[in-house]
Amino acid sequence: MSVAEQARRRRTFGIISHPDAGKTTLTEKLLLYSGAIHLAGSVKSRKSSRHAVSDWMKLEQERGISITSSVLQFEYENAALNLLDTPGHADFSEDTYRVLAAVDSAVMLVDHSKGVESRTRKLFEVCRMRNLPMITFMNKLDRPGLDPLDLLEDISSTLNLRVAPINWPIGMGKEFQGVVDLRTRQVLLFSGGDKGASVLTTETMHLDDAEERLGSKVYNEVLEELELLEGAGDPFTEEEFFAGELSPIFWGSALTNFGVEPLLKFVAAESASPGSRMTSDGEEIRPDDDEFTGFIFKIQANMNPRHRDRVAFMRVVSGQFTRGIDVTIGRSGEQLRLSNPHTFMAQERSIVEEAFPGDIVGLYDPGKLRIGDTLAVSRRLAYDGIPRFAPEHFARVILKDPMKRKQLDAGLTQLAHEGVIQLFYRPDVGRQAPYLGAVGVLQFEVLKERLLNEYRVKCILERLSYQYARWISGSEEALKWLEDRRDYPVLRDRNDQPVLLSDSLWPMNFALQNAPGLELHEVEPL
Ligand code: G4P
């Protein structure tokens, strides 16, 4: 198969959702339907595994299968799917956002009794920055929830997104029996599945022939809803879906497997395959270009606690990756031989001999790689960087042993390069005693652990009360306005860009109204 054909059959995606919407459950069911695992378990021991450091580790502990990885690769029909983990619980961190730079589409999972929740909304905004195609899965239909039409309205108004239902639920809660495919008008009725442990039996028939099977009452309700729907949804077009303007909507229950298969079929057959990427010089690199290129979007240390290893996750953008390939790191110009690359099948980590656009390869990093690095064979390239997102938690380091200042500085610098935390500097004291910023609090825990284990520095983190950070741009005058007022803490980031911190949004809004030409950004301007 040519590189172009390999790229075309790849689907690289993430699932975004609010905690508890059912992401872990849906992940497991996608694996079940793809045949990557054969029996899903009733997930019971979850409470005892609260402290697992990733959703998937939790799944691993519960199910006894080995999927400790940040990406699951599996085949379905003719597609090769790469599902990237976007942690949503306590382990929510900047990584979650960065992963979205490496996918070509996302599945937005919504609990249909709750509608769009805060975390979903935030993740959605990150997807929107890249105009990512978004598929919506309304979950937990086996329980009572909002009226489906109201839910559609919630999605489209809260997210300012057009919606195109691909199927429609028949019943809800205990009466949830199946879905109607709105494009073919085929009714899919689900049964069996042993409470979600195994694949369901599906019965199909045309809607026109379904009255007897559904009973007149349910049948007429469905017809009525479909009529109302004509006025509510938008017709599906691939063009608008790929542009991130219109979201196809699916309904189901990850717990009981209802509706999982239509979702998976759509992802495999109709979702976005890897597209072109722009370099910072404005060159467009297509997936089927001859030269292999890729970029690093995540670095994870200590994947294997017995070896202190560090794995850099690379997304292949163009060409064919082969084991042992020599690459140039765009940022530093250094050469690196990628001799020990790993890929992640559903069951295990294994050496990868080749990979294609859309694939994720784990590279053992000798400490040369940073998040956002571009790798190419023969030249120094830079894909548009991976943005930094405004931290929401802040702290200051208190060093237990003042003799360890040097180690602390080295550790903080390296760990900030790896994207573990962000550093902000007070202009009056230079690069001494930086403030630490994190999107998720777990990042602080990881930092403390790693400082101790890798740099032998014991420290205490003193939490600061700031909750917001905004990058400042606009006129010189605006910056001066802020700096002249002593109640606005203006710091500098790693690139010396000014950043405003605050406990609340109010002073930021006040500044926006009063500082002439001030612009504040939630995402680092690139
Ligand atoms: P998350 O990764 O998004 O946080 O969600 P997760 O899959 O862990 O699911 C959160 C809870 O929602 C779990 O219940 C899970 O069983 C339940 N759930 C997921 N999908 C569905 C669904 O389609 N229908 C229903 N009714 N429930 C669903 P829990 O009580 O927190 O865990 P457990 O005690 O059942 O293990």
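Residues numbered from 1 in each chain as written. Predicted model: local features only at pLDDT ≥ 70, side-chain atom pairs only at ≥ 80, totals over all residues. Heavy atoms only, no water.

Chemist: Before we move on, can you summarise the overall build of the chain with the specific residues and values?
Modeler: When its secondary structure is counted, the chain shows 14 helices and 31 strands. Here the C-alpha radius of gyration of the chain, 24 Å, is about what a compact globule of 526 residues would show, namely 24 Å. Its C-alpha atoms give the chain principal-axis dimensions of roughly 80 × 55 × 50 Å. Here the chain holds 526 residues, and 54% of them are scored as buried. (Helix = DSSP H or I, 4+ residues; strand = E, 2+ residues; numbered from the N terminus. Rg over C-alpha atoms; globule rule 2.2 N^0.38 Å. Buried < 20%, exposed > 50% of the residue type's maximum accessible area, 1.4 Å probe, protein only.)

Chemist: Just give me the short version of the confidence of the model for the chain, but keep the residues and values in it.
Modeler: Across the chain, pLDDT averages 88, with 90% of residues at or above 70. Contacts from residues 42–56, a stretch scored under 50 in pLDDT, to residues over four places away or in other chains number 32 contacts. Under a pLDDT of 50 for its full length, residues 63–69 has, in the predicted model, 22 contacts with residues more than four places off or in other chains. (pLDDT = per-residue confidence, 0-100. Contact = heavy atoms within 4.5 Å.)

Chemist: Now, about the packing of helix α11 (residues 405–417) against helix α12 (residues 442–455): what can you tell me, with residues and values included?
Modeler: Contact pair α11 / α12: the axes reach a minimum separation of 10 Å and the direction vectors enclose 125 degrees. By the angle between their axes, α11 is oblique relative to α12. As for the relative orientation of α11 and α12, their crossing is right-handed in sense. Facing α11, whose interface residues are Gln407, Leu408, Ala410, Gly411, Leu412, Gln414 and Leu415, α12 presents Leu447, Arg450, Leu451 and Tyr455. Taken together, the residues that form the contact of α11 with α12 break down as seven nonpolar, three polar and one charged. (Axes fitted to C-alpha atoms, helices over the stretch in contact; angles between N-to-C directions. Parallel < 35°, antiparallel > 145°, perpendicular 65-115°, else oblique. Left-handed = near helix turned anticlockwise from the far one by under 90°. Nonpolar A, V, L, I, M, F, W, Y, C, P; charged D, E, K, R; others polar.)

Chemist: How would you sum up the environment of glutamate 522? Please name residues and give values.
Modeler: Locating glutamate 522 in the fold gives a position in the segment after β31 (518–521). A relative accessible area of 44% means that glutamate 522 is categorised as partly exposed. Along the sequence, glutamate 522 and phenylalanine 266 sit 256 residues apart, while their C-alpha atoms lie 34 Å from each other. Not counting chain neighbours up to four residues away, the residues in contact with glutamate 522 comprise Lys122, Arg388, Phe389, Ala390, Arg470 and Trp471.

Chemist: Please set out the pattern of salt bridges residue by residue, giving values where relevant.
Modeler: Scanning the entire structure with this criterion turns up 30 salt bridges. Arginine 183 is the salt-bridge partner of glutamate 270, the closest N and O atoms lying 2.6 Å from each other. Of this pair, glutamate 270 sits in helix α10 (residues 260–270) while arginine 183 sits in the loop between β8 (178–181) and β9 (186–191), and the two are 87 residues apart along the sequence. Judged by its relative accessible area of 26%, glutamate 270 is partly exposed. Judged by relative accessible area, which is 43%, arginine 183 ranks as partly exposed. Overlapping salt bridges, with partners in common, bring together Glu94, Asp95, Arg98 and Lys298 in one network. (Salt bridge = Lys/Arg side-chain N within 4 Å of Asp/Glu carboxyl O.)

Chemist: So what about the sheet that holds β8? Which residues, and what values?
Modeler: For sheets, the rule is that strands pair by backbone hydrogen bonds, running either parallel or antiparallel. The strand order β7-β8-β9-β10 describes an open sheet built from four strands, whose pairing is antiparallel. Each having just a single partner strand, β7 (167–170) and β10 (201–206) make up the two edges of the open sheet. Between one strand axis and the next, the sheet turns through 25 degrees on average, direction left out of account. Pairing geometry for β9 and β10, over six bridges, is antiparallel. Residue pairing across strands places glutamine 186 opposite histidine 206, the latter belonging to β10. (Pairing = 2+ DSSP bridges.)

Chemist: I'd like a rundown of the sheet that holds strand β27 (residues 459–464), residues and numbers included.
Modeler: Read across the open sheet, the four strands follow the order β25-β26-β24-β27; overall the sheet is antiparallel. With one partner strand each, in any of the chains shown, β25 (422–424) and β27 form the two edges of the open sheet. Each adjacent strand pair in this sheet contributes to an overall mean axis angle of 35 degrees, direction not counted. As defined by bridge partners, strand β24 (residues 393–399) adjoins β27 across six bridges and the pair is classed as antiparallel. In the sheet register, leucine 399 faces β27, and the bridge partner there is cysteine 459. On top of the sheet, α11 reaches β24, β25 and β26 (435–438); it is set at about 155 degrees to β24, its chief contact. On top of the sheet, α12 reaches β24, β26 and β27; it is set at about 160 degrees to β27, its chief contact.

Chemist: Got a sec to walk through the environment of proline 434? Specific residues and values, please.
Modeler: Along the chain, proline 434 falls in the loop between β25 and β26. In this structure the C-alpha to C-alpha distance between proline 434 and leucine 412, which are 22 residues apart in sequence, comes to 9.1 Å. Residues in contact with proline 434, not counting those within four places in the same chain, are Arg396, Leu412, Leu423, Phe424 and Tyr425.

Chemist: Just give me the short version of the packing of helix α2 (residues 23–34) against α10, but keep the residues and values in it.
Modeler: Their axes nearest at 10 Å, the elements α2 and α10 cross at an angle of 75 degrees. When the axis of α2 is compared with that of α10, the two are roughly perpendicular. Contacts from Leu26, Lys29, Leu30, Tyr33 and Ser34 in α2 reach Val260, Glu261, Leu263 and Leu264 in α10. Counted by class, the contact of α2 with α10 contains six nonpolar, one polar and two charged residues.

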